[in-house]
Structure formats: C-alpha cells, structure tokens
Number of protein chains: 2
Amino acid sequence: MAPTSEPLTAARILEATEEVLRRHGPAKATVVDVARALGVSHGSVYRHFRTKAALREAVTERWLDRTSASLSGIVAEDGDPEARLRTWFTTLFEAKRHKAGDDPELFATYMVLIGEHSAVVDRHIADLTGQLTTIVEDGVRRGVFASASPAVTARAVFDATGRFHDPCYVRDWEQPGIDDEFEAVVGLVLRGLRV
Amino acid sequence: MAPTSEPLTAARILEATEEVLRRHGPAKATVVDVARALGVSHGSVYRHFRTKAALREAVTERWLDRTSASLSGIVAEDGDPEARLRTWFTTLFEAKRHKAGDDPELFATYMVLIGEHSAVVDRHIADLTGQLTTIVEDGVRRGVFASASPAVTARAVFDATGRFHDPCYVRDWEQPGIDDEFEAVVGLVLRGLRV
C-alpha cells in the first residue's frame, strides 16, 4: 500500500493490517510492518490501537462484522419470516464459502486470529443470534412460528445449522452434496419452527 | 502391560496400542513400543497389522465403534421413536463428554488419529446415520414422523445436532447452559420430524 497524505484513521490502519497479515501470516506480522505499509511511524499506529493484541482484535472484529452487516438487511425486510430465515442462512453460508474459497490463506489467517480472540467471536455470535431472534419474534407475532422464548429458539436454529457456517466445517463446504444437505437441515429446522 | 502367555490377538494388540498412545502421544508412539508392552517381537505385531498406519487406523476404528455399539441397543428397542431419538442423542452426547472429560490426553490423541484417517470417520458417521435412519423409518411406519427420505432426514438430524457430538465443539461441552442448549436443539429437531 503506497503512502498517501490521507489522514491516518482507524479504518486505514485496519485495512493495512489485513494486507500485512495476508502477506506475512499471523505469526510474523508486526505493528512495524503495518506502520511501514502506511508510511507512518509505529507510534502513530499505537495512538489508535494501544497494543498489538488490540489491533489484531479490531481487525478480527471488522472481518466478522462484514458478515453481520451483509445479513442485517434481510432482518429489516418485511416479507414472510420463513422465507427471510431461509434467505438469511443461504446468504450466511454463501458468504462463508466465499471467504474460505476466494482467499484460503487469508481465511486461515483469520482462523488463527479467531482462536486468539474468543470474546470477539462471542460478540459476533450474539450479533447473529440477535438478528435471528428478531426474525423469530416477527414470526411469532404473525402467528407462523411457535416459540416460548425467541432468543432460545434463535440460538437453537443457529446451532442446528452450524455445519453450514461454523469454520470448523470449512472442508465440507466444497464437498458434492453439501447444498442438498444444507436444504435438508434448513427444511427440518423450518418445519420445527412452524406453529 | 505385563507380558502374559495369552495368545497374541488383534484385540490384545489394539488394547496395548491404546495404552502406548496414551503414554507416548501420537507423534512418538511406535510399533516397537507396542511390541515391547506385549512382550513380543515387532514382527508378531506386523503379522496382525501390516503397517503402522493400519494399526493406527484399527485402533481409531475400535475407539469409534465403542460409541456406535453403546447406541445400537436404543435403535433395537421397541418404544416410541421420538423418545428413542431423544435417548439416542442424550446417550451420544454423554458418551462424547465422558470420552473428552475423563481422559483429555487420550481424547486429544484420538483427535490426531481421526485427522489422519478420514475414511474411518466417514464409516463411523455412516454407522451412526444408519442407526438414525432405522429410527426415522420406524417413526414413519408408525405415522409419527414425516420424511420422504429417511436416510436424508437422518443425516439432517445428525448434522443439526453436531454441536453436541462433533469433537470440534469439545470446548463447549463443559460450558454452563450447554444442557439447555442441547434440549433446545433436540426439541426443535423433534418438532421438525413430527407429521
């Protein structure tokens, strides 16, 4: 990344950090590498992120937040809750497959970072199950879903579909038949939600 | 294990192999260690298992088969299919938690072996989903489960409950709330199966 005269923002630092992680890998990437890529001193980077761990945590959060953001529009829509839930999981599975398949090295890098920052992962899962809770609540309000506790149900729906979004299954995602298996699980879960 | 005058059977070799793996770890355990533990020559071991890889594969299969065997009785029972399905998953989750919690080092060892022998894992999953298929078929026959294809449904039910038996979730199994989360997923899945 060529040095520019743009002001040094947290967003620019995170962008450069991802690039440095991609190039050097999570074991070797340093704050000095990030500063060099931006043409600034490492002190300037530390003014935005107090420690290397904080910087790595922030870049992990940004990566996960991109996924949450791509799904939030589906939650806000006004259509049939069952169709929205299906679209939500299809979009999530597609997003994860793209992240893993388009740039496997960067994906592996983020898997290392995710292992280091479990609180970020917990927040991400809370974000996603929060989105699902909104759809489940909407379904209950419209009388199409049965749920005594939408938050508990949302977590169950999220857990039941883990094979199609949890990175521990990344090797399954390109297997033949995986789309049919996705359909079978989502179909079963949606049947389980109906009143 | 003290040398004995018992005949050298495959079962005794596998028992000794597990003990050697427990003691030395998967990286260091050798066939010579196994032979020494049994008080026999390594040639005698190779007469039963032609390669070290074959021996490691067989010990992995034995470990997995113990789980399948503990579940097969539930499949053979004559009770309500929904209750049997619940018991089957409860028993599987308990068995996995015990394997992981009672002897974490041996569990970690088997996780390494499982990574080396994916065909054994595929056979194990086929065993387990075969058992589930039998219960689903029984439920369809009795008119309590809806399924156009019991084998597909069985795989979906297995996938949907992965958080409670797939070793990639071992760290979740001792978390507070995990039993409630198990109940929520199994409840959702059973609702999805009902006619």
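Residues numbered from 1 in each chain as written. Chains lettered and ligands numbered in written order. Predicted model: local features only at pLDDT ≥ 70, side-chain atom pairs only at ≥ 80, totals over all residues. Heavy atoms only, no water.

Draft legend 1. Broad picture of the relation of the copies chain B and chain A. The two copies are related by a screw motion: chain B maps onto chain A through a turn of 180° and a shift of 0.0 Å along the axis, at an RMSD of 0.0 Å. In symmetry terms, the pair is related by a two-fold rotation axis. Both copies contact each other with a shared surface, as 100% of the interface residues of chain B are interface residues in chain A too. (Least-squares fit on C-alpha atoms with pLDDT ≥ 70 in both. Contact = heavy atoms within 4.5 Å.)

Draft legend 2. Fine view of the pattern of salt bridges. Applying the stated criterion to the full structure yields 44 salt bridges over all chains. A salt bridge links Arg 163 of chain A to Asp 172 of chain A, with the shortest nitrogen-to-oxygen separation between them at 3.0 Å. Judged by its relative accessible area of 8%, Arg 163 of chain A falls in the buried class. Owing to a relative accessible area of 22%, Asp 172 of chain A belongs among the partly exposed residues under this scheme. Residues Glu 61 of chain B and Arg 123 of chain B are paired through a salt bridge, measuring 3.0 Å at the closest nitrogen-oxygen approach. With Glu 61 of chain B in helix α4 (residues 52–76) and Arg 123 of chain B in helix α7 (residues 118–141), this pair connects stretches of sequence that are 62 residues apart. One salt-bridge network, held together by shared partners, links Glu 15, Glu 18, Glu 19, Arg 22, Arg 62, Arg 66 and Asp 103 of chain A. (Salt bridge = Lys/Arg side-chain N within 4 Å of Asp/Glu carboxyl O. Buried < 20%, exposed > 50% of the residue type's maximum accessible area, 1.4 Å probe, protein only. Helix = DSSP H or I, 4+ residues; strand = E, 2+ residues; numbered from the N terminus.)

Draft legend 3. Structural detail: the domain arrangement of chain A. All names here are of chain A. In terms of domain boundaries, chain A breaks down into domain 1 (10–50) and domain 2 (57–193). Centre-to-centre separation of domain 1 and domain 2, based on C-alpha positions: 30 Å. Facing nine residues of domain 1, the contacting portion of domain 2 comprises twelve residues. In this structure, the connection of domain 1 to domain 2 is made through four salt bridges. For the salt bridge of Arg 66 with Glu 18, the shortest nitrogen-to-oxygen distance reads 2.9 Å. Our count for the domain 1 to domain 2 interface comes out at five residue pairs in polar contact (both at pLDDT 80 or more). In terms of residue class, the side of domain 1 that touches domain 2 is made up of four nonpolar, two polar and three charged. (Domains from an automatic or database assignment. Polar contact = N/O pair within 3.5 Å; in protein donor to acceptor, adjacent residues only side chain to side chain. Nonpolar A, V, L, I, M, F, W, Y, C, P; charged D, E, K, R; others polar.)

Draft legend 4. Region of interest: the environment of Ile 74 of chain A. All names here are of chain A. Summarising the element assignment, Ile 74 is placed in helix α4 (residues 52–76). According to the relative accessible area criterion, Ile 74 is buried, its value standing at 8%. Taking C-alpha positions, Ile 74 is 40 Å from Val 40, a pair spaced 34 residues apart along the chain.

Draft legend 5. Summary view of the interface of chain B and chain A. Listed per partner, the contact involves 23 residues of chain B and 23 residues of chain A. Contact between chain B and chain A buries roughly 1800 Å² in total, counting both sides, with carbon and sulfur atoms accounting for 61%. Considering only the surface of chain B that becomes buried against chain A, Asp 159, Leu 188 and Arg 191 of chain B emerge as the three largest contributors, covering 30% of it. Taken together, the connections running from chain B to chain A amount to two salt bridges. Of the charged contacts, one joins Arg 163 of chain B and Asp 159 of chain A as a salt bridge, the two residues approaching to 2.8 Å between their closest N and O atoms. At the junction of chain B with chain A, the criterion picks out eight residue pairs in polar contact (both at pLDDT 80 or more). Elements represented by at least two residues in the side of chain B that touches chain A include exactly α8 (150–160) and α9 (178–193) of chain B. With eight residues, α9 of chain B is the largest single contributor of residues to the side of chain B that touches chain A. The residue inventory of the side of chain B that touches chain A, partitioned by class, reads 14 nonpolar, two polar and seven charged. (Buried area = accessible area lost by both parts, 1.4 Å probe.)

Draft legend 6. Local environment of the UniProt feature "DNA-binding region" (unreviewed entry) in chain A. UniProt's entry tags residues 30–49 of chain A with the feature "DNA-binding region" (unreviewed entry), counted in the numbering of this structure. For residues 30–49 of chain A, the end-to-end C-alpha separation is 13 Å, with 75% helix and 0% strand making up the annotated structure. (UniProt positions renumbered as here; feature names shortened; annotations may be inferred.)

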